[in-house]
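# Structure at a glance
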Amino acid sequence: MKWMDGHCDVLYKLWKYPEGGLDFYGKGHGLDVTYPAARRAGVGMQVFAIFVPEDVPRSQAWQVALEQVDRFYEEVVRKGGLQPVRTPEELNTLTRENRMGGLLSLEGADALQGSLRHLRILSRLGVRQVGLTWNYANEAADGIEEERGGGLTRFGRELVREMQRLRMVLDVSHLSVRGFWDVMEENLPVIASHSNARAICSHRRNLMDDQIRALVDRKGLIGITFVPKFVHDDPDAATVDDLLKHIEHICSLGGEERIAFGSDFDGIEQKIPGLEHIGKLSLLGEELLKRYPEHLVKRWTWTNWYEFYAGQL
Ligand SMILES: [Zn+2]
């Protein structure tokens, strides 16, 4: 089974623990996603998030984002065989030469410090996707945990329109509900890289049915995520079976062709039993094949993401 994973925080960890002995090409000490384990599990492409945590002063956020871009090119690309994916040609290389690809994504516009220049620079450095917020407010919009629940700011609108011009993908995971609907008024490709269904698990990071329907109508994608608290209302009880309930629900809303996966590996401490690291994707593949026809499972694990990026990059 071939896989694409729509979200991981490897770059954050490589930046956060420079002396931690973390090695993307090593045996996986301290990392959930490594090249050898990903390859063994059939991963053909991984999306790598650039994430600047809340405890970094805003004045240093841009610097930290650039340092994570550097980690990507030095420790993930240059050190081994990973193909950076920035263009349709580079995406094609993955299947033609059977290589593993990596796509850069920014999680939270905080790092842009309210500057479209910073967005353009990141775009030229190969960042093809932006999630407007993490959980809280920034210059562009409010995140889902921000009490007032505001939508896009004026800068947020400008940012989205510049992203559209630069042919970047917009990721609505973490965004406030109002921000979500503001984005839906704009004309650019939209995904939720790592979010589940709120009808199945009531955490507010999950998507409501009308949001799922809107993403389906837009031909966006929903990356089913392995974060236990987004899978089951009692995170300690979350299982692979519960994950399948989210898939089932999105299918019931007409989303069969809009389902994909976004693990959030390396961004989570707690794991679903059986899904502790990227190497376990092959086991999830086996579970999926027990329940669903092969042509659908292949779509969810690879083809939906692949076709989406092929059409957008
Ligand atoms: Zn996240």
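Just so it is clear, the model here is predicted, and its values are computed rather than measured. (Residues numbered from 1 in each chain as written. Predicted model: local features only at pLDDT ≥ 70, side-chain atom pairs only at ≥ 80, totals over all residues. Heavy atoms only, no water.)

### Let's talk about the packing of helix 4 (residues 88–96) against helix 12 (residues 294–312)
As a packed pair, helix 4 and helix 12 sit with axes 10 Å apart at the nearest point and diverge in direction by 150 degrees. As helix 4 runs across helix 12, the sense of the crossing is left-handed. Judged by residue contacts, Leu91, Asn92 and Thr95 of helix 4 engage Trp302, Tyr306, Tyr309 and Ala310 from helix 12. Its residues placed into classes, the contact of helix 4 with helix 12 shows 5 nonpolar, 2 polar and no charged. (Axes fitted to C-alpha atoms, helices over the stretch in contact; angles between N-to-C directions. Helix = DSSP H or I, 4+ residues; strand = E, 2+ residues; numbered from the N terminus. Left-handed = near helix turned anticlockwise from the far one by under 90°. Contact = heavy atoms within 4.5 Å. Nonpolar A, V, L, I, M, F, W, Y, C, P; charged D, E, K, R; others polar.)

### Some words on the pairing of strand 5 (residues 127–131)
The element strand 5 is largely enclosed, with a buried count of 5 among its 5 residues. Direction of pairing for strand 4 (residues 101–107) relative to strand 5: parallel, over a ladder of 4 bridges. Each bridged residue has a counterpart across the sheet, and for Ser105 the counterpart in strand 5 is Gln129. A crossover links strand 4 with its parallel partner strand 5, the connecting element being helix 5 (residues 116–124), and its sense is right-handed. (Buried < 20%, exposed > 50% of the residue type's maximum accessible area, 1.4 Å probe, protein only. Pairing = 2+ DSSP bridges. Right-handed = clockwise from strand over helix to strand, strands pointing away.)

### Re unusual backbone geometry
The backbone phi angle of Asn98 is positive, close to 50 degrees, even though this residue is not glycine. With respect to the helices, strands and loops of the structure, Asn98 is situated in the loop between helix 4 and strand 4.

### Examining the state of the cysteines
Counted by the stated rule, this structure contains 0 disulfides. Left unpaired, Cys251 is separated from the closest cysteine sulfur, that of Cys201, by 18 Å. (Disulfide = S-S within 2.5 Å.)

### Description of the coordination of the zinc ion
Where a metal carries four tetrahedral donors, each ideal angle is 109.5 degrees; where it carries six octahedral donors, the ideal angles are 90 or 180 degrees. Distances from the zinc ion to its protein donors, namely Glu107 (OE), His174 (NE2) and His194 (NE2), fall within the range 2.1 to 2.2 Å. Between the donor residues of the zinc ion, the gaps in sequence give the motif E-x66-H-x19-H. Here the residue Glu107 occupies a position in strand 4, and His174 occupies one in the loop between strand 6 (169–171) and helix 7 (177–184), the gap between them amounting to 67 residues. Judged by relative accessible area, Glu107 falls into the buried class, the value being 8%. Overall, the relative accessible area of 7% leaves His174 in the buried class. (Donors = N, O, S within 2.8 Å, 3.2 Å for Na, K, Ca; no water.)

### Topic: empty space enclosed by the protein
Applying the stated rule across the entire model yields 2 cavities of 30 Å³ or more. Taken as a whole, the largest cavity spans an internal volume of roughly 80 Å³. Considering only residue class, the lining of the largest cavity consists of 6 nonpolar, 6 polar and 3 charged. If you add up the space inside the second largest cavity, you get close to 40 Å³. Around the second largest cavity sit Gly6, His7, Ser105, Leu106, Glu107, Gln129, Gly131, Asp171, Ser173, Ser193 and His194, which together line it. Listing elements by their share of the lining of the second largest cavity, those giving two or more residues are strand 1 (3–8), strand 4 and strand 5. (1 Å grid on protein atoms, 1.4 Å probe; cavity = no way out; pocket = protein on both sides within 12 Å on 5 of 7 lines; lining within 4 Å. Points joined across faces, edges and corners; volume = space filled by probe spheres on them.)

### Considerations on the packing of aromatic side chains
Applying the stated rule across the entire model yields 18 aromatic pairs. Considering the side-chain rings of Trp3 and Phe261, the 5.2 Å spacing of their centres and the 55 degrees angle between planes classify their relative orientation as tilted. With Trp3 in strand 1 and Phe261 in strand 9 (residues 259–261), the pair connects residues that are 258 residues apart, well separated along the chain. For Trp3, a relative accessible area of 0% corresponds to the buried category. An aromatic cluster is present here, built from Phe24, Tyr25, Tyr35, Phe48, Phe72 and Tyr73 joined pairwise through their rings. Lys2 extends its terminal NZ or CZ atom over the ring of Trp302, reaching a point 4.3 Å from the ring centre. (Phe/Tyr/Trp six-rings, centres within 6.5 Å; stacked < 30°, edge-to-face > 60°. Lys NZ or Arg CZ within 6 Å of the ring centre and 35° of its normal.)

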